[in-house]
Each structure stands twice: as structure tokens, then as C-alpha cells.
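Understanding the architecture of this molecule
Here's the letter readout for the chains.
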Amino acid sequence: MNQLQTKGCVVITGSSKGIGFGLAQAFLQKNYCVVLSGRDQNQLNSAYHQLLKQFDASKIHCIQCDVTQKIDLENLWHQAIQKFNNIEIWINNAGGSTATLDFKDISNFDIENTVKTNILGTMLGSQVALQGMIKQNFGQIFNMEGWGSKGEWSSGMTVYATTKYAVSYFSKALVKEAKSSPICVGTLSPGMVATDLLITSWKNGNVQNWKKMKRLFFFIIDPPEIVCQYLVRKIIQNQRKHARIVWMTPWRLFLRFFQPSYWKRNPVKDTDLEHLGH
């Protein structure tokens, strides 16, 4: 029996696309079993069949889940346990964003959906995972940081950044609550990643906001494959009860200034952002 069969699997919310899907691929490459989840069953089916081209079906399981509904998250936990016996890692990745518009122009629906998914979804997912992992006496829970976690601001991102600031505070508070348990509570900071979420939010936003940030974003945006492989490697290696795993460290950013390729590249090539604002 290998280490994976002994320790369990990885559950990733919001993993039918974007960073969540990239994390799933990276864990499967490391011979972990992965439970994908998302609201849209068709997207889940598509993600599943895409992964089947590279990996053994016995290591992949998909469960429809709305992270704003605790009953869905409890079902996600129980089905993952039934399939793989226990859960080694739980990642609250599911997230949403409004279009990058001024706050006064954003609909109530978009505000509510982003707040519920990013904050409530993270809190409920953490609660379900923590309760379950305390019973099994081991496990790691990671919450996803984002623009705003450290107080960053840019035009059009007020709602999203506010939710990520809240997630950052919540994660720190949960670390303190869980300190007497064997459970690790940590955060993942992927930086700016070229996903559908990022592209859609800027494409549907105020083009002037994109023009203001375009030069900076071209310098720091990275493809999900590289970022997710790094995050997964650090998660697997982690031995700390509290871990903040960061892709775009100040040192990495500093080194980029001396690499001409980063000044010339176009990380949104062949996407809807490539010619936005031209």
C-alpha cells in the first residue's frame, strides 16, 4: 500500500476549470486521488473527461456542489470519504468575481453572488472540513487568497478584493481556533493567473480600468499550470500547522525586473483581453 492509499485524497471546490482544475491536474501528476466539485454538472463532466485522457479513472471523482449550501458541502465530504476512505487535503478554491466596474454600477445579484461564494463558501467549507478532519485526526485545509488579501486595491475590484480581505482575516482566526488540534489551516496565494474568471471579469468591466492595470498585469500574470504545480509541491511538502504558500513572492517579482522576457511577453495572448481597449 502506497502513501496515497494510507493518507487519503484531495478535495478541491470549484475545480471544473481555472486554478481549481490546474490544482487537480498537479495533484494527479503526483499520484494523489482527487475529488473535483462545482455547481455546473456539464462543466464537471467536461473536466472529468479531459482528465481521463491523462489519468486513471480510479483516482478521479466528481461531485456537484454549491459551496454556499452547507448540505452540499457535507455531501461532498461524505461522498469523498465513501470513495477514498479519508481526506488528506481540502482546498476551498471556489470563487467568483463581479465585472470590473465601479461599485455603484454593480448589480445586487453580482455583489451577493460574489460575497456568498467567496466568504460564506470558504467559511462553510472550512467548517465541514475541520469537523471531519478532527474526527479522523489529521488533514490540511487551505483557503484561497487573492487580490485584496493584503489590502491591495485597483479600480473595479472593490467587491472581489473585499471578500479576499475577509477570507484572509477568517483564515488567521481559524488558525488560532485550530491550534490545539492536529489540523493544518493555511492559505494559498496564486497571484494573478490567466483563468476564465480573470478574463471574464475584465472583459465585462470598464475598459479604462483594464488600461490602467494592463502594464502591471502583463508583468505578473502567469499561466495556471506553472503556478498550480508550485503550489501543490509546497502543499505536499508542508509540515507546519499554519502555512501561507505564496507564488508571487517579493523576491520572485524582483528577479523578473532583470529578465527581459517578462517585459516582452503577452500572458493574455489569444484571449478576449489581448485586444481589449485597442
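Whatever comes next refers back to the structure up there.
The next subject is the sheet that holds strand E3 (residues 60-64). Pairing is parallel in the open sheet, where seven strands are placed in the order E3-E2-E1-E4-E5-E6-E7. At either end of the open sheet lies a strand with only one pairing partner, and these are E3 and strand E7 (242-246). Sheet twist, expressed as the average angle between the axes of neighbouring strands with direction ignored, equals 20°. Pairing between strand E4 (residues 87-92) and strand E5 (residues 140-144): four bridges, direction parallel. Paired with Ile-91 across the strands is Phe-142, a residue of E5. Sheet strands in contact with helix H4 (residues 70-84) are strand E1 (9-12), strand E2 (33-38), E3 and E4, and its direction is about 160° off that of E3. In the packing of helix H6 (residues 158-177) onto the sheet, contacts are made with E5, strand E6 (184-189) and E7, and the angle to E5 comes to roughly 160°.

As a further point, take the packing of aromatic side chains. Inspection of the entire model under this criterion finds ten aromatic pairs. Each ring, one from Phe-27 and one from Tyr-32, has its centre 5.6 Å from the other, and the planes form 65°; the classification is edge-to-face. Accessibility expressed as a relative area gives 9% for Tyr-32, which makes it buried. For the pair Phe-254 and Phe-258, a centre-to-centre distance of 5.1 Å together with 70° between the ring planes defines the contact as edge-to-face. Judged by relative accessible area, which is 42%, Phe-254 ranks as partly exposed. Taken together, Trp-202, Trp-210 and Phe-218 form an aromatic cluster joined through their ring pairs. In this arrangement the basic side chain of Arg-252 is found over the ring face of Tyr-230, its NZ or CZ atom lying 5.0 Å from the centre. Arg-252 extends its terminal NZ or CZ atom over the ring of Trp-247, reaching a point 3.7 Å from the ring centre.

About the thresholds
- Throughout, residues of each chain are indexed from 1 in the direction in which the sequence is written.
- With pLDDT at 70 or above as the cut-off, local features in this predicted model cover only qualifying residues; side-chain atom pairs require 80 or more to be listed or tallied, and sums for whole chains, interfaces and linings still use all residues.
- Values reported for side chains reflect all heavy atoms of the structure, with hydrogen atoms and water molecules removed beforehand.
- Note on pairing: DSSP must find at least two bridges between two strands before they are called paired.
- Each helix is a run of DSSP H or I of at least 4 residues and each strand a run of E of at least 2, with the numbering of both proceeding from the N terminus.
- Axis geometry follows a simple rule: fit a line to the C-alpha atoms, using only the stretch in contact for helices, then measure angles between N-to-C directions, giving values from 0 to 180 degrees.
- Throughout, a contact is declared for two residues whenever any of their heavy atoms are within 4.5 Å.
- When two rings of Phe, Tyr or Trp (its six-membered ring) have centres within 6.5 Å they constitute a pair, described as stacked for plane angles under 30 degrees, edge-to-face for angles over 60, and tilted for the intermediate range.
- Relative accessibility under 20% of the residue-type maximum defines a buried residue, over 50% an exposed one, and the middle range a partly exposed one, all with a 1.4 Å probe and only protein chains included.
- Geometrically, a charge over a ring is one whose NZ (Lys) or CZ (Arg) sits within 6 Å of the ring centre while staying within 35 degrees of the ring normal.

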